[in-house]
Amino acid sequence: MKKLDKNQKIGIIALAIFVVFLIGFSALSSLVQSGSIPDFAASQRVQGLLAFVMFCPLCIAMFFLGKHFKSKNSKIGSILLFVSVALFIFGIIQALLSLLGAYGS
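As a starting point, this report considers the structure included with it. Nothing here was measured: the structure is a model prediction, and the numbers come from that model.

A separate point is the packing of aromatic side chains. Throughout the structure, instances matching the rule amount to three aromatic pairs. When the ring of F52 is compared with that of F88, the centres are 5.8 Å apart and the planes differ by 40°; the resulting orientation is tilted. On the criterion of sequence distance, the pair formed by F52 in helix α2 (residues 44–71) and F88 in helix α3 (residues 75–100) is long-range, its members being 36 residues apart. Between F63 and F64 the ring centres are 5.3 Å apart and the planes differ by 85°, which places this aromatic pair in the edge-to-face class. The partly exposed category is assigned to F63, whose relative accessible area is 30%.

Pasting the structure below:
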């Protein structure tokens, strides 16, 4: 069996955490739509922070898988590194704007 390197392990674990978040969100949405649990409205600030936290594992997975592929001299590694850092910075800006209330009530 092939041994995984450290970057690959971290990337796969972060991707698995993102998938768990995605399944949990889908299940919660389904329960609210079916009426099993009452609908609740979180503030815009809470929603912005929650979205940032839920997408952080995806950025982390892209970053570490990019490092793994870059060590293998693959061009996709550089692309994944650039995109993951850009998305993380964009996410921080969006979370800060959400906290400051720039998007409305």
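Quick look at unusual backbone geometry now. The residue N73 is not glycine, and still its phi comes out positive at about 60°. For N73, the location among the structural elements is in the loop between α2 and α3.

The first and last C-alpha atoms of α2 sit 41 Å apart over 28 residues, in line with the 40 Å expected at 1.5 Å per residue. Of all the bends in α2, the greatest reaches close to 30° and is centred on F55; the proline P57 follows between one and four positions later. Next to the buried residues of α2 lie α1 (6–34) and α3. In the segment just after α2, N73 is the residue with positive phi, at about 60°.

Conventions used here
- Residues numbered from 1 in each chain as written.
- Predicted model: local features only at pLDDT ≥ 70, side-chain atom pairs only at ≥ 80, totals over all residues.
- Heavy atoms only, no water.
- Phe/Tyr/Trp six-rings, centres within 6.5 Å; stacked < 30°, edge-to-face > 60°.
- Helix = DSSP H or I, 4+ residues; strand = E, 2+ residues; numbered from the N terminus.
- Buried < 20%, exposed > 50% of the residue type's maximum accessible area, 1.4 Å probe, protein only.
- Expected span 1.5 Å × (residues − 1).
- Bend = angle between axes of the 7 residues up to and from the residue.
- Contact = heavy atoms within 4.5 Å.

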